[in-house]
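Summary of the model geometry
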Amino acid sequence: LIPIFLILIFVAHHFISMLKPFPTGFDASNYYINLSKLLVDYQGLVKGEHAYNWSVFMSLGLTLFKSMPLTLLLSILPGIINLFLIFYITKKLSSIVIAVFTTFFFYSMPLILFHSAVDAKVDQALLFYSLLVVAIIVDHYKEMKNTSRIFNPLFIIIGVLLGYSFGIKYTSVFTIFSIVSI
């Protein structure tokens, strides 16, 4: 019960810390949120930039609501969904008690706290897509192992998710190689 309460305190703290009029971290202010602002200003895709799939999603806060705090909140949304995915995957592989503690220890890591409360980066979104692929594999591993069809719908869904994650950040190639090796 105590880890669940502490997780809720962390999530509330991250929501409050993202309610600010401008991004405070270097990467967020100079690249990720700035790219979202450029997408809104250009009213289209920006040429010559690196992978920015998540910045396109974050630009919805500026496009639809003209709100910088909402854009910053969209950057931590995957971190909160990651909690549920970590709990779900761990519960499938072990017990509920271990799943709660794993979720708590994950969310209390300094790296996760920094990416969720201080700097609006895309790493939480990249982890979200990676965990989503792992959850699909954990759920359907036997079904995927027994099939010989190359056009299995699960393979197509996993490919689309991994392709989108590659458009978020190029370091997802490590996740792609790990998933393909399974």
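Conventions used here
- Residues numbered from 1 in each chain as written.
- Predicted model: local features only at pLDDT ≥ 70, side-chain atom pairs only at ≥ 80, totals over all residues.
- Heavy atoms only, no water.
- Axes fitted to C-alpha atoms, helices over the stretch in contact; angles between N-to-C directions.
- Helix = DSSP H or I, 4+ residues; strand = E, 2+ residues; numbered from the N terminus.
- Left-handed = near helix turned anticlockwise from the far one by under 90°.
- Contact = heavy atoms within 4.5 Å.
- Nonpolar A, V, L, I, M, F, W, Y, C, P; charged D, E, K, R; others polar.
- 1 Å grid on protein atoms, 1.4 Å probe; cavity = no way out; pocket = protein on both sides within 12 Å on 5 of 7 lines; lining within 4 Å.
- Points joined across faces, edges and corners; volume = space filled by probe spheres on them.
- Core = buried A, V, L, I, M, F, W, Y, C linked by side-chain atoms within 4.5 Å.
- Buried < 20%, exposed > 50% of the residue type's maximum accessible area, 1.4 Å probe, protein only.
- Phe/Tyr/Trp six-rings, centres within 6.5 Å; stacked < 30°, edge-to-face > 60°.

Take the packing of helix α3 (residues 53-65) against helix α4 (residues 68-93) next. How two helices sit against one another is set out by the angle between their axes and by the gap between those axes. It is the contact of α3 with α4, at a shortest axis distance of 8 Å, that shows an interaxial angle of 150 degrees. Crossing geometry of α3 relative to α4 is assigned as right-handed. Between α3 and α4, the residues in contact are Trp54, Phe57, Met58, Leu60, Gly61, Leu62 and Phe65 and Met68, Leu70, Thr71, Leu74, Ser75 and Pro78, respectively. Partitioning the contact of α3 with α4 into residue classes produces ten nonpolar, three polar and no charged.

So, about the layout of surface pockets. Of the volumes computed, that of the largest pocket is approximately 240 Å³. Counting only elements with at least two residues in the lining of the largest pocket, the list comes to α1 (2-17), α4 and α5 (96-107). Looking at the lining of the largest pocket residue by residue, the classes come out as nine nonpolar, one polar and no charged. Lining the second largest pocket, in full, are Ile137, Tyr141, Met144, Lys145, Phe155, Ile158, Ile179, Val180 and Ile182. Breaking the lining of the second largest pocket down by element, the ones donating at least two residues are α7 (123-146), α8 (153-168) and α9 (173-181). With four residues, the single largest contributor to the lining of the second largest pocket is α7. Looking at the lining of the second largest pocket residue by residue, the classes come out as eight nonpolar, no polar and one charged.

Our focus in this paragraph is the nonpolar core. If you look at the biggest cluster of nonpolar residues, it comprises 41 residues, and the most contacted ones within it are Ile33, Trp54, Tyr107, Val133, Ile158 and Ile168. Looking at this core, the elements with two or more residues in it are α1, α2 (26-42), α3, α4, α5, α7 and α8. Excluding its chain neighbours within four sequence positions, the residues that come into contact with Val133 are Ile158, Leu161, Leu162 and Ile179.

By the definition in use, this model includes nine aromatic pairs. Judged by centre distance (6.4 Å) and plane angle (65 degrees), the ring pair of Phe10 and Tyr107 falls under edge-to-face. With Phe10 in helix α1 and Tyr107 in helix α5, this pair connects stretches of sequence that are 97 residues apart. Its relative accessible area of 1% is what places Tyr107 among the buried residues. Pairing Phe166 with Tyr170 gives two aromatic rings, centres 5.2 Å apart and planes at 50 degrees, and the pair type is tilted. Since its relative accessible area comes to 35%, Phe166 is described here as partly exposed. Here the aromatic residues Phe10, Phe101, Phe104, Phe105 and Tyr107 are joined through ring pairs into a cluster of three or more.

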